[in-house]
Amino acid sequence: MASLPSMGELIIAEEDIEIVRKCWGDILENTGEEQAGLALFKNIFESCEEAASLFSFLDPAKKLDYETMSKNKLLVKHAVGVIRTVSAVVYMLEEDELLEPILKDLGARHQLYAVKIEHYDVVGGAFMATLRQALGDAFDARAESAFGELWKHVIAKLMQSCDSATVERAKHEVATAPAGDVGAD
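Residues numbered from 1 in each chain as written. Predicted model: local features only at pLDDT ≥ 70, side-chain atom pairs only at ≥ 80, totals over all residues. Heavy atoms only, no water.

Peer 1: Sorry if this is basic, but what is going on with the packing of helix H1 (residues 14-47) against helix H3 (residues 73-91) here?
Peer 2: Two numbers describe a pair of packed helices, the interaxial angle and the distance between the axes. Orientation of H1 relative to H3, taken along the N-to-C sense of each, is 145°, at an axis distance of 9 Å. Between H1 and H3 lies a crossing of right-handed hand. Class assignment of the residues belonging to the contact of H1 with H3 gives a composition of 17 nonpolar, four polar and four charged. (Axes fitted to C-alpha atoms, helices over the stretch in contact; angles between N-to-C directions. Helix = DSSP H or I, 4+ residues; strand = E, 2+ residues; numbered from the N terminus. Left-handed = near helix turned anticlockwise from the far one by under 90°. Nonpolar A, V, L, I, M, F, W, Y, C, P; charged D, E, K, R; others polar.)

Peer 1: Mind showing me how you'd approach H3 here?
Peer 2: Turn by turn, an α-helix covers 3.6 residues, leaving residues three or four places apart pointing in a common direction. Between the first and last C-alpha of H3 there are 27 Å, a value that for 19 residues agrees with the 27 Å anticipated at 1.5 Å per step. Buried within H3 we find Leu75, Val76, His78, Ala79, Val80, Gly81, Val82, Ile83, Val86, Ser87, Val89 and Val90. If you check the start of H3, you find a side-chain oxygen 3.1 Å away from the backbone N of leucine 74, and it comes from asparagine 72. (Expected span 1.5 Å × (residues − 1). Buried < 20%, exposed > 50% of the residue type's maximum accessible area, 1.4 Å probe, protein only. Polar contact = N/O pair within 3.5 Å; in protein donor to acceptor, adjacent residues only side chain to side chain.)

Peer 1: What is the right way to look at the nonpolar core in this model?
Peer 2: The nonpolar side chains of a soluble globular protein tend to be buried, and buried together. Phe41, Phe45, Phe147 and Leu150 are the most contacted members of the largest nonpolar core, which totals 49 residues. The greatest single-element share of this core, amounting to eleven residues, is contributed by H1. If we ignore the near neighbours within four places in the chain, the residues touching phenylalanine 41 are Phe55, Met69, Leu75, His78, Ala79 and Val82. (Core = buried A, V, L, I, M, F, W, Y, C linked by side-chain atoms within 4.5 Å. Contact = heavy atoms within 4.5 Å.)

Peer 1: Can you help me understand the packing of aromatic side chains in this one?
Peer 2: Each aromatic ring pair is specified by the distance between its two centres and by the angle formed by the two planes. One pass over the full model with this rule turns up eight aromatic pairs. Where phenylalanine 55 meets phenylalanine 57, the ring centres are 5.6 Å apart and the plane angle is 55°; that geometry is what we call tilted. Here phenylalanine 55 matches phenylalanine 57 in class, with each residue buried. Consider the rings of phenylalanine 127 and tryptophan 151, whose centres lie 5.8 Å apart with planes at 25°: the pair is stacked. In this pair, phenylalanine 127 is assigned in helix H5 (residues 117-135) and tryptophan 151 in helix H6 (residues 141-160), connecting sequence segments 24 residues apart. Given a relative accessible area of 7%, phenylalanine 127 falls into the buried group. (Phe/Tyr/Trp six-rings, centres within 6.5 Å; stacked < 30°, edge-to-face > 60°.)

Peer 1: Please explain the packing of H1 against H5 as it appears in this structure.
Peer 2: Interhelical geometry of H1 versus H5 gives an angle of 135° and a closest axis separation of 8 Å. Between H1 and H5, the angle falls in the class oblique. Pair H1 / H5 crosses with right-handed handedness. Within the contact between the two elements, H1 uses Cys23, Trp24, Asp26, Ile27, Ala36, Ala39, Leu40, Asn43, Ile44 and Ser47 and H5 uses Val122, Val123, Ala126, Phe127, Ala129, Thr130, Leu131, Gln133, Ala134 and Leu135. Taken together, the residues of the contact of H1 with H5 break down into 15 nonpolar, four polar and one charged. (Parallel < 35°, antiparallel > 145°, perpendicular 65-115°, else oblique.)

Peer 1: What is the right way to look at the side chain of aspartate 16 in this model?
Peer 2: Following the sequence through the fold, aspartate 16 ends up in helix H1. Looking at aspartate 16, the relative accessible area reads 6%, which means it is buried. Excluding its chain neighbours within four sequence positions, the residues that come into contact with aspartate 16 are Arg142, Ala146 and Glu149.

Peer 1: What is the right way to look at the pattern of salt bridges in this model?
Peer 2: Pairing is possible between side chains of opposite charge, provided their charged atoms come close. Here the structure, examined in full by the defined rule, presents nine salt bridges. Its salt-bridge partner being aspartate 16, residue arginine 142 comes within 2.4 Å of it at the nearest N-O pair. With arginine 142 in helix H6 and aspartate 16 in helix H1, this residue pair connects regions lying 126 residues apart in the sequence. For arginine 142, a relative accessible area of 35% corresponds to the partly exposed category. The shortest N-O distance in the salt bridge between glutamate 144 and arginine 132 comes to 3.2 Å. Taken together, the residues glutamate 144 in helix H6 and arginine 132 in helix H5 connect sequence positions twelve residues apart. Under the relative-accessibility criterion, glutamate 144 is labelled partly exposed at 33%. Exposure remark for arginine 132: the relative accessible area of 40% places this residue in the partly exposed category. (Salt bridge = Lys/Arg side-chain N within 4 Å of Asp/Glu carboxyl O.)

Following this line, the structure appears as structure tokens:
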């Protein structure tokens, strides 16, 4: 695994930040958060059918096509939350001291939901497929490389920065969350 930058360092090169922000801005402008999120989850479920079993608000026996997913309010809420988290990461790339706790908490929550390391690979592949679908020819080799670097560092932080205190705090947050909010981001 690549070494992580220390606090205050960029997690990807400045030229990659520009590419990532331009592409991400185009996706949000052209598709919106909900459609982008549902496209991501469609790609996740197509590449790993058992991923649906990780979500208490999904019936894995039902076909998870775009229309079915768009009618599931909890999935839509979760999908939008994921896209908003990606947006936060994209627009906080120079602010590692602010980004680190977000990723640390996110990693802890995913541990609670039995997410395994191999699931991050599935999501990474689905994320890249979603970018490719949304951007078409604009998702060239340079953009793919920039997003690939971003993904590697984000996943490394999710997996490395998850200590027991963070997991315990996440357990408490999950236990005290209002109904319907569990797993929403």
